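Descriptive structure summary
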Amino acid sequence: MSLQKKPLANISARMGVVYCVYFMIYSVTSPYLQLILRRLGYGPAAIGLLLGFYELVGIAGPIVLARAADAAGKFKPFLYGTHLAMLAAAAILATIRSPIAIIASLSLLALGLKTPGPVLDSSALIAIEAERAAGRKVIDYGALRAIGSAGYVLIVLILQAIPGYDGSPPVIMALAMAGFMFLSMASISIFPEMGAGQAKSGKKPINLSWVDAPFVVGLITIALGRLAMAPTGSFFSLYLVEELDWYAVGGMSALAAIAEIPMMLVAWRFMRKRSPMAAIAISSAAIVVRLLIYALVPTKGGVVAAQLLHSLCYGLFQPASVAFVNLKTPPAERTTGMALLLGIGIGLPAFIGSALGGFIVEAVGYRWLFASFCIFAAASLALYAANRKALDAVR
């Protein structure tokens, strides 16, 4: 994949706009998908399995489709295709109620929403490196993610301000999804094309020769931390509504996203002084505290305090994960590295956590769900401590 030599006009603003509107899609899906499934008549165990399936399908998008985009030499056609898949998912969700249709909708949504992540990230990192190599000022990755979070916050606050939106019929929520999917698809035209420019001849074999023991241990450490946070992604909205009888899904999602923005902006400075995996360890410790607050302090005040810890649980965790993979992956395999992170480091733990979490909720409730998943964050900390020297050397 070649780096561009010419200056990329308004590169920071263009990438910022695309990240902003792309994360707006998450604002109308992530907090509300579990509520949609609940209103369609599914119980916690079924919701867990469906969301687990959603995450499992999402692994295929980053690993298979993102690699195909890399091999084709152009990213934008794949980005347009993934948005069309999302629009089809929203259309099915709004019109058809059968279990098969719901599974088809979740599959298309997972492929469409999860695939652009590693493509956008690898393109942005390549563009940033090219601009810096040429001595030009350019936005850093943490700031891009902060802009994405700002877009997310804006929309969830608007949704929270709409009376009764948390209790809206699935068709209304599906239409909201479609609107932001159209907006995101329209923004792709201004994103810089950082592909190689031409298809690579022949079928590119999967090259994992660069994968070594520190990379594997680091990826497992990341995956354990993400597994610990899976209940928050899959059941937090239901916890608010059913455990606390508090219809503040948008407000609490916004609070978490607002908390993460300052950390996103300073995370890279922290990692330059220490290491990405040291940041992951700090995040894992914060995850333990956050989950215990949900379990032991099931009040509005407790939820607010726990949501503020999102600054460490995600605002520090996400840039640190990307930085670790970026440092360990050769430039030519950057898209593959990011796909492994999103698929194995994030998607697979989310699948396991969602599928397991639904059965725990039905058996012992939401509070025990959060308490039990502390084990995985503690395991992440233990794995880091056992391999600290090798992991901290990646910086």
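This one's a predicted model, so the numbers in the text were calculated from it and none came from an experiment.

Some details on helix H9 (residues 213-243)
Spanning 31 residues, H9 covers 43 Å between terminal C-alpha atoms, matching the ideal 45 Å at 1.5 Å per step. Of all the bends in H9, the greatest, near 65°, is centred on Phe-235. The element H9 is largely enclosed, with a buried count of 23 among its 31 residues. Capping the start of H9, Asp-212 holds a side-chain oxygen 3.0 Å from the backbone nitrogen of Phe-215, two or three residues further along. Phi for Asp-245, located one or two positions after H9, is positive at around 55°.

Thoughts on the environment of Leu-312
By the secondary structure assignment, Leu-312 is in helix H13 (residues 310-313). In the structure, Leu-312 is positioned 67 residues away from Asp-245 in sequence and 27 Å away in space, judged by C-alpha atoms. Discounting chain neighbours no more than four positions away, the residues touching Leu-312 are Met-263, Ile-282, Ser-283, Ala-286 and Phe-317.

Notes on the packing of aromatic side chains
Taken as a whole and judged by the stated rule, the model has 14 aromatic pairs. Aromatic side chains Trp-210 and Phe-215 sit 5.0 Å apart centroid to centroid with 80° between the ring planes, which places their arrangement in the edge-to-face category. Look at Trp-210 and you get buried, because its relative accessible area is 11%. An angle of 45° between the planes, with centres 5.5 Å apart, marks the rings of Phe-236 and Tyr-294 as tilted.

Regarding helix H17 (residues 374-386)
Because an α-helix completes one turn every 3.6 residues, residues spaced three or four positions apart along the sequence face the same direction. With 13 residues, H17 should reach 18 Å at 1.5 Å per residue; the first-to-last C-alpha distance of 19 Å fits that figure. Taken together, the buried positions of H17 are occupied by Cys-374, Ala-377, Ser-380 and Tyr-384. Along the axis of H17, the buried residues cluster in a sector spanning 120°; they form a single face. Of the exposed residues in H17, those oriented more than 90 degrees away from the buried face are Ile-375 and Ala-386. Tucked inside the fold, the buried residues of H17 contact H9, helix H11 (276-296), helix H16 (366-372) and helix H18 (388-392).

Thoughts on a positive patch on the surface
Together, Arg-132, Arg-269, Arg-272 and Lys-273 line one region of the surface with positive charge. Ranked by the residues each element gives to the positive patch, the list is headed by helix H10 (residues 249-273), at three residues. For Arg-132, the position within the fold is in helix H6 (residues 116-133).

Considerations on the packing of H10 against H11
Where H10 contacts H11, the two axes come as close as 11 Å, and the packing angle between them is 155°. Relative to H11, H10 is oriented roughly antiparallel. For the element pair H10 and H11, the recorded crossing hand is right-handed. Counted together, Ala-256, Phe-270 and Met-271 of H10 and Pro-276, Ala-279, Ile-282 and Arg-290 of H11 form the full contact between these two elements. Within the contact of H10 with H11, the residues separate by chemical class into six nonpolar, no polar and one charged.

Notes on the side chain of Lys-76
Mapped onto the secondary structure, Lys-76 falls in helix H4 (residues 76-95). When neighbours within four sequence positions are excluded, Lys-76 is seen to be in contact with Ile-188, Ser-189, Phe-191, Pro-192 and Glu-193.

What counts, and where the lines are drawn
- Residues numbered from 1 in each chain as written.
- Predicted model: local features only at pLDDT ≥ 70, side-chain atom pairs only at ≥ 80, totals over all residues.
- Heavy atoms only, no water.
- Helix = DSSP H or I, 4+ residues; strand = E, 2+ residues; numbered from the N terminus.
- Expected span 1.5 Å × (residues − 1).
- Bend = angle between axes of the 7 residues up to and from the residue.
- Buried < 20%, exposed > 50% of the residue type's maximum accessible area, 1.4 Å probe, protein only.
- Polar contact = N/O pair within 3.5 Å; in protein donor to acceptor, adjacent residues only side chain to side chain.
- Contact = heavy atoms within 4.5 Å.
- Phe/Tyr/Trp six-rings, centres within 6.5 Å; stacked < 30°, edge-to-face > 60°.
- Arc of directions from axis to C-beta.
- Patch = residues over 30% accessible without salt bridge, like charges linked within 9 Å, V, L, I, M, F, W, Y side chains within 5 Å.
- Areas by Shrake-Rupley, 256 points an atom, 1.4 Å probe, with all protein chains shown as cover.
- Salt bridge = Lys/Arg side-chain N within 4 Å of Asp/Glu carboxyl O.
- Lys, Arg positive; Asp, Glu negative; His and termini not counted.
- Charge placed at Lys NZ, Arg CZ, Asp CG, Glu CD.
- Axes fitted to C-alpha atoms, helices over the stretch in contact; angles between N-to-C directions.
- Parallel < 35°, antiparallel > 145°, perpendicular 65-115°, else oblique.
- Left-handed = near helix turned anticlockwise from the far one by under 90°.
- Nonpolar A, V, L, I, M, F, W, Y, C, P; charged D, E, K, R; others polar.

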